Amino acid sequence: MLCTVFGIVLGVLVALYALFELHYFLRMCICVIAARYVKKRIHILETTTVTGLCLTNDIDTLLYHMNNARYVREVDFARVDFYERTLLYRTICSKGGSVVQGATTIRYRRFIRPFTRFRISSRIVYWDNQSIFMEHRFIGTSDGFIHCIALCRQRVIECSVEDVMATLLKANATATSSTECLDRLENGGTGGGGIIVGNGSEYVSKLKPEMPQEVAKWLEWNEISSASLRNEC
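A brief structural summary. In this numbering scheme, every chain counts its residues from 1 along its sequence in written order. The predicted nature of this model means local features are confined to residues of pLDDT at least 70 and side-chain atom pairs, given and counted, to a pLDDT of 80 or more, with totals for whole chains, interfaces and linings taken over all residues. Processing note: side-chain calculations cover all non-hydrogen atoms of the structure and skip hydrogens and water entirely.

1. Points about the pattern of salt bridges
Then, in step 1: We count a salt bridge whenever a side-chain nitrogen from Lys or Arg sits within 4 Å of a carboxyl oxygen from Asp or Glu. Evaluated as defined, the whole model comprises 14 salt bridges.
Then, in step 2: Here Lys95 ties to Asp163 by a salt bridge, and the two come within 3.4 Å at their closest N and O atoms. Here Asp163 lies in helix α5 (residues 161-174) and Lys95 lies in the loop between α4 (88-94) and β2 (98-108), a separation of 68 residues in the sequence.
Then, in step 3: Accessibility expressed as a relative area gives 27% for Lys95, which makes it partly exposed. A run of DSSP states H or I qualifies as a helix once it reaches four residues; a run of E qualifies as a strand once it reaches two. Both are numbered from the N-terminal end. Only protein chains enter the area calculation, which uses a 1.4 Å probe; residues under 20% of their type maximum are buried, those over 50% are exposed, and those in between are partly exposed.

And the structure:
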């Protein structure tokens with residue numbers, strides 16, 4: 001009887017691993033729990049950092065460096081960490097919106113070798129009314145070298161990015177603690193606290209970064225690509 005139960009459980013696990021990448025979902029759950037309940041909240045314009053390790057299931061067929069596709073997957077975990085710690089995702093959802101990956105460009109500079117530790121720094125570099133642009137850097141823990149840099153466009157639908165960012169920036173500005181900031185955001189961005197000097201929209205616009213040149217050129221390339229694809233239809 002015990003052998004039968006063990007066989008069934010083993011068979012189910014094998015089937016699940018064949019149909020789904022279970023360790024991906026498990027790691028994603030761990031990232032969400034750690035970011036939400038263990039790590040401290042940070043300001044929406046600050047930089048988050050997560051640590052990674054290149055394992056044998058991350059390397060390519062040449063067996064001596066990380067598979068190129070793994071970089072993009074690692075960015076998923078870094079982005080979730082950023083979303084949770086800055087309350088960005090929760091704020092978007094509170095306004096009835098959702099977020100999807102609109103585009104990604106990635107530049108590889110140097111291999112990440114097997115069993116090498118690295119960290120990924122993530123930050124918002126620009127936003128418009130529809131999208132948030134994030135930069136992710138893969139940095140060697142031993143030498144600080146930037147092995148890879150990725151630029152991602154997060155498309156926010158069903159709500160305004162400007163409204164989302166204004167809510168986060170104003171809440172962070174007037175809250176006296178991360179707990180108060182979280183409570184205020186969960187209550188729709190209302191509550192007491194400090195006072196923002198001057199007009200609220202002016203305060204937000206002062207904090208909004210200028211569009212980086214690489215983002216401007218990247219958007220230009222995207223427009224050219226979209227126009228070319230439309231002409232083919």
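2. Side note on helix α2 (residues 22-38)
Then, in step 1: Taking 1.5 Å per residue as the helical rise, α2 with its 17 residues ought to reach 24 Å, and the 23 Å between its terminal C-alpha atoms agrees with that figure.
Then, in step 2: Any pair of residues with heavy atoms lying within 4.5 Å of one another is described as a contacting pair. In this fold, the buried residues of α2 make contact with α3 (68-86). Given the number of residues in a helix, its expected span is that number minus one, multiplied by 1.5 Å.

3. Concerning the packing of α2 against α3
Then, in step 1: For helices, the axis comes from a line fit to the C-alpha atoms of the stretch in contact; other axes are also lines fit to C-alpha atoms, and the angle between any two N-to-C directions lies between 0 and 180 degrees. The N-to-C vectors of α2 and α3 enclose an angle of 25 degrees; their axes lie 8 Å apart at closest approach. By the angle between their axes, α2 is roughly parallel relative to α3. Crossing handedness for the pair α2 and α3: right-handed. Residues His23, Tyr24, Arg27, Met28, Cys31, Val32, Ala35 and Arg36 of α2 touch α3, and the partners they reach there are Arg73, Glu74, Asp76, Phe77, Val80, Asp81, Glu84 and Arg85.
Then, in step 2: In the scheme used here, Gly and all other residues not listed as nonpolar or charged are polar, with Ala, Val, Leu, Ile, Met, Phe, Trp, Tyr, Cys and Pro taken as nonpolar and Asp, Glu, Lys and Arg as charged. Looking at the contact of α2 with α3 residue by residue, the class counts come to seven nonpolar, one polar and eight charged. We call two directions roughly parallel when the angle between them is under 35 degrees, roughly antiparallel when it is over 145, roughly perpendicular when it lies between 65 and 115, and oblique otherwise. By definition, turning the near helix anticlockwise from the far helix through less than a right angle yields a left-handed crossing, and turning it clockwise yields a right-handed one.

4. Describing the side chain of Thr48
Then, in step 1: Note on placement: Thr48 falls in strand β1 (residues 48-53).
Then, in step 2: Those residues in contact with Thr48 that sit more than four places away from it in its chain are Ile42, Ala78, Asp81, Phe82, Arg85, Ile120, Ser121 and Ser122.

5. Things to note about the nonpolar core
Nonpolar side chains tend toward joint burial in soluble globular proteins.
Then, in step 1: The set of buried Ala, Val, Leu, Ile, Met, Phe, Trp, Tyr and Cys residues whose side-chain atoms join them within 4.5 Å is what this entry labels a nonpolar core. If you look at the biggest cluster of nonpolar residues, it comprises 20 residues, and the most contacted ones within it are Ile44, Leu88, Ile124 and Ile132.
Then, in step 2: Of all the secondary structure elements, the ones that give two or more residues to this core are α3, α4, β3 (117-127), β4 (131-140) and α5.
Then, in step 3: In terms of residues, this core owes the most to one element, α5, which gives six residues.
Then, in step 4: Counting 14 residues, the second-largest nonpolar core is a separate cluster that includes Val50, Ala78, Ile112 and Phe118.

6. Some points on a nonpolar patch on the surface
Then, in step 1: On the surface, Met1, Val5, Ile8, Val9, Val12, Leu13, Leu16, Leu19, Phe20 and Phe25 cluster together into a nonpolar patch covering about 1000 Å² of accessible area.
Then, in step 2: Take the nonpolar patch: its biggest share by element is seven residues, from helix α1 (residues 2-19).
Then, in step 3: Here Leu19 lies in helix α1. Like-charged residues are merged into a patch within 9 Å and nonpolar side chains (Val, Leu, Ile, Met, Phe, Trp, Tyr) within 5 Å, provided each residue has over 30% relative accessible area and no salt bridge. Only the protein chains shown count as covering a residue, and every accessible area follows the Shrake-Rupley method with a 1.4 Å probe.

7. A few points about the packing of aromatic side chains
Then, in step 1: Working definition: a ring pair exists when centres of Phe, Tyr or Trp rings (six-membered ring for Trp) sit within 6.5 Å. Plane angles under 30 degrees give stacked, over 60 give edge-to-face, the rest tilted. Taken as a whole, this structure holds nine aromatic pairs when the rule is applied.
Then, in step 2: Here a set of aromatic residues connected by ring pairs shows up, and it is made of Tyr71, Tyr108, Phe118 and Phe138.
Then, in step 3: Geometrically, a charge over a ring is one whose NZ (Lys) or CZ (Arg) sits within 6 Å of the ring centre while staying within 35 degrees of the ring normal. We note Arg110 situated over the ring of Phe145; from NZ or CZ to the ring centre the distance is 3.6 Å.

8. Points about the sheet that holds β2
Then, in step 1: The pairing criterion is simple: DSSP has to find at least two bridges between the two strands. Strand order in this open sheet of five strands is β1-β3-β4-β5-β2, and the pairing throughout is antiparallel. On the outer flanks of this sheet lie β1 and β2, each paired with one strand and no other. Put simply, the sheet's adjacent strands are angled 25 degrees from each other on average, direction ignored.
Then, in step 2: Here β3 runs beside β4; their pairing, made up of nine bridges, is antiparallel. Bridging from a neighbouring strand, Ile120 pairs with Phe138 of β4.
Then, in step 3: Where α3 meets the sheet, its contacts fall on β1, β2, β3, β4 and β5 (146-157), and the angle it forms with β4 comes to roughly 115 degrees.
Then, in step 4: This element, helix α8 (residues 213-232), spans β2, β3, β4 and β5 of the sheet and lies at about 60 degrees to β5.

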